[in-house]
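# Descriptive structure summary
One letter stands for each residue in the lines below.
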Amino acid sequence: MAQSHTIAAYRFFRIELCFKSSLGYSHRVTHWTGCLQPDTHEKIAMIKPKGISFSLSKIFIKSSLGALILSMSTLSLASEPAPALDAMDVFELEWASDPQVAPDGKSVVYVRRSFDVMSDAAKATLWQVSIDGSDHRPLNSNLHRSTSPRWSPKGDKIAYVSSETGSSQIHIQWMDTGQTSVASHLQQSPSDLTWSPDGQWLAFTMSVKKSTPPIAKRRKAPEGAVWAQPPVTVTTTRYQYDGRGIVGPAYRHVFVIPADGGVARQLTSGDFNHNGRLSWSADSTSIFFSADRSDDWELRSDEADIYSVSLGSGALTQITDLPGAERSPAVSPNGKLLAISYEKSRPLAFTPDRIATVDLSTKDVRILTEAVDGDATNILWRADGKALYFAFDERGERYIKQVTLNKAVSSVATGLGGTSVGRPYLSGGFHTAGGVVAYTKGGPDRPADIAVMQRKTPKIVTALNDDLLNYRSLGEVHEIVYNSSFDGQEIQGWYITPPDFDPTKKYPLILEIHGGPHLAYGPHFSAELQLMAAAGYIVFYDNHRGSLSYGEDFALLLQYKYSSEEDFADHMSGIDALIERGIVDGDNLFIAGGSAGGIATAYAVGLTDRFNAAVAAKPVINWVSKTLTADSMVGQIYHQFPGPPWEHLDHYWKRSPLSLVGNVVTPTLLLTGEEDRRTPMSETEQFYQALRLRGVDSAMVRLPGASHGIASRPSRLITKVDHILAWFERYRKEDSNGR
């Protein structure tokens, strides 16, 4: 017999409920907040029908006023300001990703993401919503991680990848009955799941391991002896990957499996990586993919061609052979053209991705987006085959645009974002079918919801965080545009004011610098920066020279010079502009950044003593050692430097923060994951030891088990912000407001 729980809720109260029944259903609601109106009665009974597994991640609980008597003093709380975002609220955030429109255009299936406080991990479940916002419900149980939903051509089934059986396998769900089956029994996790047009097959890519013969034969230990573990022999150039560590040889191949389940069959072969996106020929007899199948592929960067593989014979056919990387093939609705993403091969830090079409009968290639000044990504055909949709970034914002086969470009939708919850990076994706475009819609005060565009009318159809963020006071995001003191270059930035901001007062400022450096921030929700603003700081961030979304020329302003006095001037000019506005206390300036932002932070404190304190997260300190110890050596040396370090030692040293450590007096905290292979811990250790030798107040925070993506576990995101704020509080001077 299920238990019914009746409660009343009111603003500022956190309630944790656990519903249980004799049928074994258990559901927890944590840190739930609501506002009870005098005429509201709210009640819920949690019941698990026999044989059905389901769970809801957030519930608005209804109960009658008579269930709880509230005093007048308690009710008065409703008129008080809502509290600021708290670090533990991070566990209550949710965001949408990977929307997939049904073939009939009537509903959208998407991945609903969140954090679990008990397992300290990211969760991913599948939900479905009608395009009018109704019938919003889970597609299956949220007890297991499920991703990559893909509609069958007829829309009667969905294939997805789930860990329900203990490992990542392909599952099929019938949409009329809700029944599911496990379609695969794979040894590795599948990716790039793609239906054949006839609905009979599912194609995917999967990594296949290959053994490495030992250099010396291992001797046999005596019976009962306990010897050391055998050595690990490395003979490949690309032997390490951040987040995975040192890995044995493995190569990604294209597979197919019957849509109703069965044995997976490998179609490609050889010691090469065959990558998605996958696209089937119109007659379901071959699959297009991207690969670099040259003998020296491990030493090449941004080189790949389009191939097709026959479903019946496994025969390969090379489709393109351009100098550069051809990726993301997409067959046109009539099967005659192949759209691809094309990046020219050149030794520069940024080269735009262009959209091209290949005539499958003649192999002729046409570039469609030469006039577009930036990347054109996430290519999808319009249903009539006369145009292609794509994502395009401009001035810190992401848009959906379309280009016709006659090269005419127009806008489709705005406001993509919200899938990068920690920091305000450009993010977001979209999908189209049945005359509907669905996309992830974010904002300064919200992570991603699902929005749809139909007949040129946009509509947000989910509200995943209203139950939390409607009852939190967030910092307001403001735009600022100014000129760099270095050369007058226009720089766009943003600053977040504290929730209780008073324009007549001056506040301490945190400069937070994005990574990349060829990435971009924007006016998007950021849990980390909102927590800093909630602590009473104005948080300033900018898209300095070299950032994306401002065109090719702007992106290349940092070619061969990161970090430098130039991007440093971009940051400092923004700070000075805010000081001139009278809202920033010039005696309380702080600086922080991660990855490339950590490099810029470490470089900045070698150029100025204006900052009270600094936090450099996962920085590069010595470019000579970094390029020869990190997982990104091949691409980074080719694109960001004039040559290898032994040929350009002076250049590498000038770009290194370690070259300026003799100038540093700013108290500096360094924070890095111990398993980071992108900016290895040895970089942090070099700077820390140099600072200690010089007597500079400093600390090194090592995160056990963390790779470069520190925030992959939510507790680490919180820990990162906690350490930044605690370090800054040590050196924060009392301001004119008496704080």
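Residues numbered from 1 in each chain as written. Predicted model: local features only at pLDDT ≥ 70, side-chain atom pairs only at ≥ 80, totals over all residues. Heavy atoms only, no water.

Residue Gly276 is joined to Arg277 through a cis peptide bond whose omega torsion reads 10 degrees. Mapping Arg277 onto the fold places it in strand E19 (residues 274-280). The peptide bond linking Tyr562 to Ser563 adopts the cis configuration, its omega dihedral lying at 0 degrees. Unlike most non-glycine residues, Asp192 shows phi in positive territory, near 60 degrees. (Helix = DSSP H or I, 4+ residues; strand = E, 2+ residues; numbered from the N terminus.)

The subject of this paragraph is the sheet that holds strand E10 (residues 157-162). Overall, antiparallel pairing links the four strands, which are arranged E9-E10-E11-E12 in an open sheet. The outermost strands of the open sheet, each flanked by one partner alone, are strand E9 (146-151) and strand E12 (180-182). Averaged over all adjacent pairs, the angle separating strand axes in this sheet is 25 degrees, with direction ignored. Strand direction decides the pairing type here: E10 and strand E11 (residues 169-174), joined by six bridges, are antiparallel. Across the sheet, the residue bridging to Ile158 is Gln173, located in E11. (Pairing = 2+ DSSP bridges. Axes fitted to C-alpha atoms, helices over the stretch in contact; angles between N-to-C directions.)

This brings us to the packing of aromatic side chains. Counting across every chain of the model gives 15 aromatic pairs. A ring pair is formed by Phe641 and Tyr652, whose centres lie 4.1 Å apart and whose planes are at 10 degrees; its orientation type is stacked. Remark: Tyr652 occurs in helix H9 (residues 649-654) and Phe641 occurs in the loop between helix H8 (633-640) and H9; sequence separation between them is 11 residues. Comparing Phe641 with Tyr652 shows no difference in burial state: the two are buried. Taken together, Tyr425, Trp494, Tyr521 and Tyr541 form an aromatic cluster joined through their ring pairs. (Phe/Tyr/Trp six-rings, centres within 6.5 Å; stacked < 30°, edge-to-face > 60°. Buried < 20%, exposed > 50% of the residue type's maximum accessible area, 1.4 Å probe, protein only.)

Let us now look at the packing of helix H3 (residues 527-534) against helix H11 (residues 714-730). Relative to each other, H3 and H11 sit at 35 degrees, their axes nearing to 10 Å. Taken as a pair, H3 and H11 cross one another with a handedness that is right-handed. Contacts from Glu528, Leu531 and Met532 in H3 reach Leu717, Lys720, Val721, Ile724 and Leu725 in H11. Along the lines of polarity and charge, the residues of the contact of H3 with H11 split into six nonpolar, no polar and two charged. (Left-handed = near helix turned anticlockwise from the far one by under 90°. Contact = heavy atoms within 4.5 Å. Nonpolar A, V, L, I, M, F, W, Y, C, P; charged D, E, K, R; others polar.)

Before going further, it helps to examine the sheet that holds strand E37 (residues 507-513). An order of E35-E36-E38-E37-E39-E40-E41-E42 is seen for the eight strands of this open sheet, with the pairing classed as mixed. Edge positions in the sheet fall to strand E35 (476-483) and strand E42 (698-703), since each of these pairs with one other strand and no more. Taken pair by pair, the neighbouring strands of this sheet meet at an average axis angle of 20 degrees, ignoring direction. Pairing analysis gives five bridges linking strand E36 (residues 490-497) to strand E38 (residues 538-543), with the strands arranged antiparallel. Each bridged residue has a counterpart across the sheet, and for Ile496 the counterpart in E38 is Val539. Lying over the sheet, helix H10 (residues 681-694) contacts strand E41 (668-673) and E42, oriented at roughly 160 degrees with respect to E42. Contacting E37, strand E39 (584-594), strand E40 (613-617), E41 and E42, H11 crosses the sheet at an angle of about 160 degrees to E40.

Taken by themselves, the reported measurements are silent on function.
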